[in-house]
Amino acid sequence: MLGSPSPVISLDSLNPPQREAVLHDTGPLVVFAGAGSGKTRVITFRIARLIEEGHVRPYRILAVTFTNKAAGEMKERLRGLVGPLADDLWVGTFHAICARLLRLHGALLGLSSSFTIYDDADQQAMVKRILKELEIDEKRYPPKAIAGRINREKQDVRGPREMVGDDPASRIAKEVYAIYEERMRSANALDFGDLIYRMVLGLEENETFRELVAGRFDHVLVDEFQDTNHAQFRVVRALAAGHRNICVVGDDDQSIYGWRGADRRNILDFRHTFPEAAVVKLEQNYRSTGRILRAANEIISRAYDREPKRLFTENPEGQKIVVVATQDERDEAALVVRSVHELRRAGVPLSEIAIFYRVHAQSRVVEEALRRENLPYRVIGGQRFYERTEVKDVLAYLRILVNPGDDVSLLRIINKPARGIGKTTIDRLVAMANEANAPVLETLSRALDANRFSGAAAKKLREFVTLVDELQEIAATRGLGELGRELIEKTGYRAMLEQDDSPESDARLQVLGELIGSFMLFERDNPDVSLADYLESITLDTTSEEDAGEDRLTLMTVHAAKGLEFKTVLVLGMEEEGFPYRGLNPWDDPEELEEERRLAYVAITRAEERLVLSYARTRTVFGQMKLRIPSRFLAELPPDDVIRLGEPQRPQGAYRPPTQAEVRPPPPPVDYDGVDYPADGMIRPGMAVRHKVFGQGRVVDVREGFPPKVTVEFRSVGRKTLVASYLEPA
DNA sequence: TATGATTCCATTTTT
DNA sequence: TGGAATCATA
């Protein structure tokens, strides 16, 4: 039982619903945590209280997050609250937690504890190999698509036998899936999906495993519950089945990963799954100004099928949101540059400014403009360090040392650098391995012993096997740093890069240097952690280390922005087709449009003080110049909170925002033909305006900014530059 | 085996 | 349009 408020954990700083969530005793609890509503505080305080007041032992509490970053931040904050006790908590991502538990108890499920984890690229390589083996045309059935299908099946907890559908694609996927599972077993490898899928099977079908694993915990907490997929839901449900102390936190309005298998129903239907569940809603926003929040509410309230809630704030109203029409994407980039310059002049650090876009491709124009102006920036979501070819190559060598069955890694480097093991030799070797259903390296050793290779091929293969043996020896006796250094020498990898002096290979050498550096650092910080542990830590952690220090602005997709906040946010490309994004054919599934709406909501709710939304009247898409229609989301913004700059495009067909009454239950209009885009309040040169004091005038010039300013030629007093919001159309 | 030509295609990506 | 990925050719 929980007692009176802890002397350590002060509840004074919490609002009533926050307090309710923190104090909730036992049994299921779902917390709908709106954007900026202090969600992390609630989770961490709740955990701290369970420990301090509920006397729950820290190692019997499991807190699941979706990213390593979130896990790290949570641990950090818990350390602040409960001190070193925090180190005993189970805090981690679904994948990391499942990997850890499967290594501990997977033997019960027939898993070796030294399994290798395959990332998506490894998985695709494996699928590709199987397609080749089955002589399936990769054009017709791309490995990527098949791998995607396999992942979806695992997400839904279906093995190859349970797969449904007998269209040709499904039949092929099914066949590949079955062999894939065999090969993965032989390689002693699990893919990301497996970590969850195997955990579900273990928990649901193996009583001993269930007791050992689910029995470890008295409380389970899950963050970002709206992002869980079906398999993850099953894991959570199984873990909580005994004690039912399950606390889930999330926001259905911020569910933007449906396309990746996340199921909003997990949080929306939580109280049906757990009928005795307590429900708490955190609706006070501490992040954004009143105007920004109103705009966000306006967008999200038009969504169907959401848990009813409405964010409010006690923050000041703040400045108006600025909507800017630009000529084209280059003009839009120029807008970014101008805005950043102006903010900088006003003393705003660049780190407080973020540029969002719907798709990565939009960053290029902006980057070019920023570079021309020498404005420092960083792009989130580019290629990640551990996904670079040279890094993956070196890691592939290391992975073979830990798990000689790791065929994907082996085939990756068997002839890299080139050591005269040619395609024909490799094909023959792989065929033998397929035949024997055994790992390639093992097959290779046997084949050499049996003299099944001859001449040059045999010689080169023997050399390779010897190389691996030597590296094994070093791995067994020396530290990670030294192993790394020896590895790039002995394999000839370094020599290969030094050979040609192209700028790319220079860069690669540099990256290798960094990699070795990180080896040494890791060794220093974790002296008694094994090579296997190291490899796991990096395949499960893809957070690219951000170079702190220099003050830069941030460019990223809206997806990448979830969970972050910035004083100033500019969202680019607010156009129909662009945002909401539309692929090849119109939204056949209304849910896709709904997700775009939530995405817009996420974008807006990232902004604390200043928000600019821009669109281009014309944009070059796939090399073709297209006329663009302003995004429906722009039309839905509350007019009084917005300043619109620039002339709207002559409507080809525009969108009328649905009124509140139209939203639910009747569906919002999808037909947006023939209705004029509201040109309300658009301020543009030549426009007649009125000012309370100066009277009638005509706009000469418009300058975006914070706030936007307009130069007006007044009949009475001549030319004046003033803040746009003091003007009204005449 | 390496380079250039060619072809294809085109969101979002927490692990 | 541009980039990646595969293919062709030396």
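Summary of the structure given here. What you are looking at is a predicted structure, and each value in this text was computed from that prediction instead of being measured. (Residues numbered from 1 in each chain as written. Chains lettered and ligands numbered in written order. Predicted model: local features only at pLDDT ≥ 70, side-chain atom pairs only at ≥ 80, totals over all residues. Heavy atoms only, no water.)

**Brief notes about the overall build of chain A**
Now for step 1: Across its full length, chain A holds 28 helices and 25 strands.
Now for step 2: When burial is assessed residue by residue, chain A has 53% of its 730 residues classed as buried.
Now for step 3: Put simply, of all contacts in chain A between residues at least 6 apart along the chain, 73% involve residues at least 24 apart.
Now for step 4: Here chain A has roughly 32700 Å² of accessible surface; of this, 50% comes from carbon and sulfur atoms. (Helix = DSSP H or I, 4+ residues; strand = E, 2+ residues; numbered from the N terminus. Buried < 20%, exposed > 50% of the residue type's maximum accessible area, 1.4 Å probe, protein only. Contact = heavy atoms within 4.5 Å. Areas by Shrake-Rupley, 256 points an atom, 1.4 Å probe, with all protein chains shown as cover.)

**Focus: the protein's contact with DNA strand C**
Now for step 1: Taken together, the residues surrounding DNA strand C are Lys128, Arg364, Phe622 and Gly623.
Now for step 2: Those atoms of DNA strand C that come within 4 Å of the protein belong to sugar or phosphate at a rate of 54%.
Now for step 3: In this structure, a phosphate oxygen belonging to DNA strand C sits 3.2 Å away from a side-chain N or O atom of lysine 128.
Now for step 4: One nitrogen or oxygen atom from the main chain of glycine 623 is found 3.4 Å from a sugar or linking oxygen belonging to DNA strand C. (Near = heavy atom within 4 Å. Polar contact = N/O pair within 3.5 Å; in protein donor to acceptor, adjacent residues only side chain to side chain.)

**As for the side chain of threonine 228**
Now for step 1: Along the chain, the position of threonine 228 falls in the loop between strand E6 (219-222) and helix H10 (230-240).
Now for step 2: For threonine 228, a relative accessible area of 0% puts it in the buried group.
Now for step 3: Of the polar contacts made by the side chain of threonine 228, one reaches the side chain of asparagine 266; its length is 3.1 Å.
Now for step 4: Not counting residues within four places of it along the chain, the set of residues in contact with threonine 228 comprises Phe66, Phe94, Val222, Gly261, Ala262, Asp263 and Asn266.

**What about helix H26 (residues 590-605)?**
Now for step 1: Between its first and last C-alpha atoms H26 spans 23 Å; for 16 residues at 1.5 Å apiece the expected length is 22 Å, and the two agree.
Now for step 2: Counting buried positions along H26 yields 13 of 16 residues, so the element is predominantly enclosed. (Expected span 1.5 Å × (residues − 1).)

**Some words on the nonpolar core**
Now for step 1: Counting 65 residues, the largest nonpolar core has Leu195, Met199, Leu203, Val222 and Ile246 as its most contacted members.
Now for step 2: It is helix H7 (residues 168-187) that provides the largest number of residues to this core, a total of 8 residues.
Now for step 3: Residue contacts for methionine 199: discarding those within four places in its chain leaves Cys98, Leu101, Leu102, Asp194, Phe209, Val213 and Val235.
Now for step 4: Formed by 48 residues, the second largest nonpolar core is a distinct cluster that contains Leu401, Val465, Leu483 and Leu515. (Core = buried A, V, L, I, M, F, W, Y, C linked by side-chain atoms within 4.5 Å.)

**Quick word on the packing of helix H2 (residues 39-52) against helix H3 (residues 68-82)**
Now for step 1: Following both chains from N to C, one finds H2 and H3 inclined at 45°, their axes separated by 10 Å at the closest point. Considered as vectors, H2 and H3 are oriented oblique to each other. In this structure, H2 meets H3 at a crossing whose hand is right-handed. Here Thr40, Arg41, Ile43, Thr44, Phe45, Ile47, Ala48, Ile51 and Glu52 of H2 lie close against H3, whose contacting residues are Met74, Arg77, Leu78, Leu81 and Val82.
Now for step 2: Looking at the contact of H2 with H3, its residues break down into 9 nonpolar, 2 polar and 3 charged. (Axes fitted to C-alpha atoms, helices over the stretch in contact; angles between N-to-C directions. Parallel < 35°, antiparallel > 145°, perpendicular 65-115°, else oblique. Left-handed = near helix turned anticlockwise from the far one by under 90°. Nonpolar A, V, L, I, M, F, W, Y, C, P; charged D, E, K, R; others polar.)

These results come straight from atomic positions and should not be treated as a statement about function.
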